[in-house]
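Structural characterization, general
In case you want the letters, here they are:
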Amino acid sequence: MIYSTITPLFLQTNGIDQNKVTETEKRELLLSLYERWITEAIAVVTEFCQQPLIAATREVWFTSADSDGSALEKILPFTFPVTATLSTRAQVQDSWTTVSTDYYRIASRDKNYYLEFWNFTGGYQYRLNCTVGYTESTIPTPLQKIIIDMASWVYKESGIGKGILGVNSLGVSGGVGSSTTTYANMPERFKQALAPYRIPS
């Protein structure tokens with residue numbers, strides 16, 4: 001079982017009793033299919049919200065003002081949890097130097113995340129190495145419910161083996177194993193539920 005928290009909730013929501021499937025191979029194939037739908041739901045949430053739902057790394061770069069300053073606040077393009085380390089350098093050719101956490105912190109207010117930074121050097125480049133998103137077990141209940149609702153929608157309304165929102169296009173391009181998938185339009189009810197988490201384009 002890939003999703004030790006979400007999969008049991010999906011099975012419970014849909015009244016699925018895996019123990020009733022006596023053939024081990026068939027039971028495993030069905031579980032794999034259910035978890036594929038959950039994986040696709042997570043991917044759609046990530047794409048729609050424009051940030052990783054399951055924790056992944058991201059970088060934010062910026063250059064400080066020309067003059068030194070005692071305080072700086074920068075809104076970060078995430079509404080999912082963020083942890084980060086900050087580095088700085090004077091010129092592009094210089095090596096990055098880690099900034100002490102005595103001089104910055106990540107703060108959360110009104111579903112937004114901010115870098116609060118003091119004692120910065122004017123004209124320097126800064127790089128914030130972020131881990132954004134949740135572990136599977138810490139996804140909040142409202143987002144868990146959206147994922148389960150998406151996967152359940154497929155379970156109830158789509159044919160076995162089809163993609164979560166129907167695949168608009170599937171293409172393979174350059175290089176071994178390189179592919180792109182475009183999903184059909186997301187039903188409006190899911191868009192509305194995810195709207196508070198979406199990063200504006």
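Residues numbered from 1 in each chain as written. Predicted model: local features only at pLDDT ≥ 70, side-chain atom pairs only at ≥ 80, totals over all residues. Heavy atoms only, no water.

Observations regarding the overall build of the protein chain
A count of helices and strands for the protein chain gives 4 helices and 9 strands. Written out in order from the N terminus, the α and β elements of the protein chain read α-α-β-β-β-β-β-β-β-α-β-β-α. Here the contacts in the protein chain between residues at least 6 apart in sequence split such that 72% fall between residues at least 24 apart. Of the roughly 11500 Å² that the protein chain leaves accessible, carbon and sulfur atoms contribute 50%. (Helix = DSSP H or I, 4+ residues; strand = E, 2+ residues; numbered from the N terminus. Contact = heavy atoms within 4.5 Å. Areas by Shrake-Rupley, 256 points an atom, 1.4 Å probe, with all protein chains shown as cover.)

Remarks on the side chain of T7
Here T7 lies in helix α1 (residues 6-13). In this view, T7 contacts M1, L31, E35 and I38; residues no more than four positions away in its chain are not counted.

Observations regarding the confidence of the model for the protein chain
Across the protein chain, pLDDT averages 85, with 83% of residues at or above 70. Model confidence for the protein chain, summarised as mean pLDDT per element, is weakest for strand β8 (residues 167-172) at 42 and strongest for strand β4 (residues 97-98) at 96. A low-confidence stretch, residues 160-164 stays under pLDDT 50, and its non-local contacts, those more than four residues away or across chains, total 22 contacts. (pLDDT = per-residue confidence, 0-100.)

Some points on the nonpolar core
Among the nonpolar cores identified, the biggest contains 47 residues, and L53, L86, L143, I147 and L194 are the most heavily contacted of them. Elements with a contribution of two residues or more to this core: α1, α2 (24-49), β1 (56-63), β3 (82-89), β6 (112-117), β7 (125-132), α3 (141-157) and α4 (188-194). At 10 residues, α2 tops the list of elements feeding residues into this core. (Core = buried A, V, L, I, M, F, W, Y, C linked by side-chain atoms within 4.5 Å. Buried < 20%, exposed > 50% of the residue type's maximum accessible area, 1.4 Å probe, protein only.)

Side note on the sheet that holds strand β2 (residues 72-76)
By way of backbone hydrogen bonds, the strands of a sheet pair with one another, either parallel or antiparallel. Sheet architecture is open: 3 strands sit in the order β2-β6-β5, paired in antiparallel fashion. Since the sheet does not close on itself, it has two edges, and those belong to β2 and β5 (104-109), each with one partner. Taken pair by pair, the neighbouring strands of this sheet meet at an average axis angle of 25°, ignoring direction. Looking at chain direction, β5 and β6 are connected through 6 bridges and run antiparallel. Bridge pairing in β6 links R105 to E116. (Pairing = 2+ DSSP bridges. Axes fitted to C-alpha atoms, helices over the stretch in contact; angles between N-to-C directions.)

Let's talk about the pattern of salt bridges
Summed over all chains, the structure comprises 5 salt bridges. Between E40 and R36 there is a salt bridge whose closest N-O contact spans 3.3 Å. Taken together, the residues E40 and R36, both in helix α2 and 4 residues apart, mark about one turn of the helix. According to the relative accessible area criterion, R36 is partly exposed, its value standing at 37%. Between K145 and D149 there is a salt bridge, with its nearest N and O atoms 2.9 Å apart. Of the two residues, K145 and D149 both sit in helix α3, 4 residues apart, roughly one turn of that helix. Given the relative accessible area of 28%, D149 is considered partly exposed. Through salt bridges with shared partners, one network takes in E73, R105, R109 and E116. (Salt bridge = Lys/Arg side-chain N within 4 Å of Asp/Glu carboxyl O.)

What about the sheet that holds β1?
Ordered in space as β1-β7-β3-β4, the 4 strands form an open sheet in which the pairing is antiparallel. For this open sheet the edge positions go to β1 and β4, each flanked by a neighbour on one side alone. Summarising the sheet, β3 and β4 pair through 2 bridges and their orientation is antiparallel. Each bridged residue has a counterpart across the sheet, and for S87 the counterpart in β4 is T98.

Remarks on α1
Three or more residues of α1 are buried, namely I6, T7, F10 and L11. One side of α1 carries all its buried residues, which in axial view fall inside an arc of 135°. Once α1 finishes, G15 follows within two positions and takes phi at roughly 60°, a positive value. (Arc of directions from axis to C-beta.)

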